[in-house]
Amino acid sequence: MARDFGTGHLQDYDPSLDQYPLYAFKMATGSGKTYVMALSIVWQYFNHKKENKDDYTSKYLLIAGEKNVIYDRLTKDFKDGKIFRELPLIPPEWQEEFDLKVIFKEDPIHIIS
């Protein structure tokens, strides 16, 4: 996809040479950024759980926002796994396996283990 996109410095970009590619998308207000984030979390969780853990997957995912209003909104949506219960992001046959621990910035450090 990146190979065929745009002009300029991307013109000579060959993604097959990039071992650790980074991707970014701009999304407008109200376009579903929180839903995309939740789906990414579900994907990362099950990717780690069902793939070769020693190969490349990680069980940690860090999400950072630049403003407290963003953090407050995300806290409301992700606290106690609310967003994962309300949206059909997890296949029914995998529901029992989904045991995600969300850690917030105000949580004591010993909770991370």
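Predicted model only: the values in this text are computed from it and were never measured. (Residues numbered from 1 in each chain as written. Predicted model: local features only at pLDDT ≥ 70, side-chain atom pairs only at ≥ 80, totals over all residues. Heavy atoms only, no water.)

A. Layout of the packing of helix 1 (residues 33-50) against helix 2 (residues 68-78). Two numbers describe how helix 1 lies on helix 2: the axes approach to 12 Å, and their chain directions differ by 55°. The angle between helix 1 and helix 2 places the two elements in the oblique class. Classified by chirality, the crossing of helix 2 by helix 1 is right-handed. Residues Thr 34, Met 37, Ala 38 and Ile 41 of helix 1 touch helix 2, and the partners they reach there are Arg 73, Leu 74, Asp 77 and Phe 78. Split by residue class, the contact of helix 1 with helix 2 holds five nonpolar, one polar and two charged. (Axes fitted to C-alpha atoms, helices over the stretch in contact; angles between N-to-C directions. Helix = DSSP H or I, 4+ residues; strand = E, 2+ residues; numbered from the N terminus. Parallel < 35°, antiparallel > 145°, perpendicular 65-115°, else oblique. Left-handed = near helix turned anticlockwise from the far one by under 90°. Contact = heavy atoms within 4.5 Å. Nonpolar A, V, L, I, M, F, W, Y, C, P; charged D, E, K, R; others polar.)

B. Molecular detail of helix 1. Here helix 1 spans 25 Å end to end across 18 residues, near enough to the 26 Å set by a 1.5 Å rise per residue. Residues Thr 34, Ala 38, Ile 41, Val 42, Gln 44, Tyr 45, Phe 46, Asn 47 and His 48 constitute the buried set of helix 1. (Expected span 1.5 Å × (residues − 1). Buried < 20%, exposed > 50% of the residue type's maximum accessible area, 1.4 Å probe, protein only.)

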